[in-house]
Amino acid sequence: VTDQPLVECVPNFSEGRRADVVEQILAAIRSAPGVEVLRSEMDADHNRAVVTFVGPPEAVAEAAVRGARAAAALINLDEHAGQHPRIGATDVIPFVPLRAISLSDCVALARRVGQRLGEELGIPVYLYEAAATRPDRVNLADVRRGEYEGLRRDIGLLERAPDFGPARLGPAGATAVGAR
């Protein structure tokens, strides 16, 4: 069993005040077979939740999409305020290689998940860190520049066009997907 690939995913959701919403997102993540949620933390001041889960690569990818789908249905960025920079209901989805898997495998996983979020959920996706397709998107702070409100204004500009999904923001905002 120890040679089975294991990936960690640490998505951040723009909700840190409504425990019922975070519980519904956690239930969606847990509904993916083979995934174990290790922890989740809510921060009311930043109005965000951070979830950590692990599993085989495809199970983790499925759990990430399910979590993002739930967040998109439950979180409206037009009504969100918090101290932490954010661009979306599911703000960021990083994949981290833990065992028997390379960073480049996690990059491929990030790109597959990003494509699914764009195609299935209509969420603009920005690839960052090791998965970035452009040097100006390696750093997450650069991707989040202007936050949701600035991105809503600028997403039609060529330099702010998403890697996947539509070049327009709905109430679920955009998501940064990467590997580190």
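Look above for the structure.
Quick caveat: nothing in here was measured; it's all calculated off a predicted structure.

**Thoughts on the overall build of the protein**
Reasoning step 1: Counting its regular elements, the protein contains five helices and seven strands.
Reasoning step 2: Reading the protein from its N end, one meets helices and strands in the order β-β-α-β-β-α-β-α-β-α-α-β.
Reasoning step 3: Here the protein has a C-alpha radius of gyration of 15 Å; the compact-globule value for 180 residues is 16 Å, and the two agree.
Reasoning step 4: For the protein, the spread of C-alpha atoms along the three principal axes comes to 50 × 35 × 25 Å.
Reasoning step 5: Within the protein, the fraction of its 180 residues that count as buried is 50%.
Reasoning step 6: Once local pairs closer than 6 in sequence are excluded, the contacts in the protein between residues at least 24 apart make up 75%.
Reasoning step 7: Carbon and sulfur atoms make up 51% of the accessible area of the protein, which totals about 8,000 Å².
Reasoning step 8: With 21 positive and 25 negative side-chain charges, the protein shows a spacing of 2 Å between the two charge centroids.

**Quick word on helix α5 (residues 147-154)**
Reasoning step 1: Taken as a whole, α5 has its buried residues at Tyr148, Gly150, Leu151 and Asp154. Down the axis of α5, the smallest arc covering the buried residues is 165°, so these residues share one side.
Reasoning step 2: Those residues of α5 that are buried lie in contact with β6 (125-129).

**Thoughts on the nonpolar core**
Reasoning step 1: Counting 55 residues, the largest nonpolar core has Ile29, Phe53, Phe95 and Val177 as the members making the most contacts within it.
Reasoning step 2: Considering every element that reaches this core, the biggest residue donor is helix α2 (residues 57-74), with nine residues.

**Describing the pattern of salt bridges**
Reasoning step 1: Taken as a whole and judged by the stated rule, the model has 14 salt bridges.
Reasoning step 2: The residue Arg18 makes a salt bridge to Glu15 at a minimum N-O spacing of 2.8 Å.
Reasoning step 3: The closest approach of N and O atoms between Asp91 and Arg48, which form a salt bridge, is 3.6 Å. With Asp91 in strand β5 (residues 90-99) and Arg48 in strand β4 (residues 48-55), this residue pair connects regions lying 43 residues apart in the sequence.
Reasoning step 4: You can call Asp91 buried: its relative accessible area is 0%.
Reasoning step 5: With a relative accessible area of 6%, Arg48 lands in the buried category.
Reasoning step 6: Connected via shared salt-bridge partners are Glu62, Arg66, Arg69, Arg116 and Glu120.

**Concerning unusual backbone geometry**
Reasoning step 1: Even without a glycine there, the phi angle at Asn47 is positive, about 55°.
Reasoning step 2: Counting through the fold element by element, Asn47 comes out in the loop between β3 (36-43) and β4.

**Section: the state of the cysteines**
Reasoning step 1: Going through the model one piece at a time under the given rule, you end up with zero disulfides.
Reasoning step 2: As a non-bridged cysteine, Cys9 has Cys106 as the owner of its nearest cysteine sulfur, 9.5 Å distant.

**Quick notes on the packing of helix α1 (residues 19-30) against α2**
When two helices pack together, their arrangement is given by the angle between their axes and by how far apart the axes lie.
Reasoning step 1: Put simply, α1 and α2 touch, their axes get as near as 7 Å, and they point 150° apart. In terms of axis orientation, α1 runs roughly antiparallel to α2. Read as a crossing pair, α1 and α2 show a hand that is right-handed. Of the residues in α2, those in contact with Val21, Gln24, Ile25, Ala28 and Ile29 of α1 are Ala63, Arg66, Gly67, Ala70, Ala71 and Leu74.
Reasoning step 2: Partitioning the contact of α1 with α2 into residue classes produces eight nonpolar, two polar and one charged.

**Things to note about the environment of Pro11**
Reasoning step 1: Along the chain, Pro11 turns up in the loop between β1 (6-9) and β2 (12-13).
Reasoning step 2: Between the C-alpha atoms of Pro11 and Gly67, which are 56 residues apart in sequence, the distance is 8.7 Å.
Reasoning step 3: What Pro11 contacts, discounting residues up to four positions off in sequence, is Ala49, Val50, Val51, Phe53, Val92, Ile93 and Pro94.

Cut-off values and rules
Residues numbered from 1 in each chain as written. Predicted model: local features only at pLDDT ≥ 70, side-chain atom pairs only at ≥ 80, totals over all residues. Heavy atoms only, no water. Helix = DSSP H or I, 4+ residues; strand = E, 2+ residues; numbered from the N terminus. Rg over C-alpha atoms; globule rule 2.2 N^0.38 Å. Buried < 20%, exposed > 50% of the residue type's maximum accessible area, 1.4 Å probe, protein only. Contact = heavy atoms within 4.5 Å. Areas by Shrake-Rupley, 256 points an atom, 1.4 Å probe, with all protein chains shown as cover. Lys, Arg positive; Asp, Glu negative; His and termini not counted. Charge placed at Lys NZ, Arg CZ, Asp CG, Glu CD. Arc of directions from axis to C-beta. Core = buried A, V, L, I, M, F, W, Y, C linked by side-chain atoms within 4.5 Å. Salt bridge = Lys/Arg side-chain N within 4 Å of Asp/Glu carboxyl O. Disulfide = S-S within 2.5 Å. Axes fitted to C-alpha atoms, helices over the stretch in contact; angles between N-to-C directions. Parallel < 35°, antiparallel > 145°, perpendicular 65-115°, else oblique. Left-handed = near helix turned anticlockwise from the far one by under 90°. Nonpolar A, V, L, I, M, F, W, Y, C, P; charged D, E, K, R; others polar.

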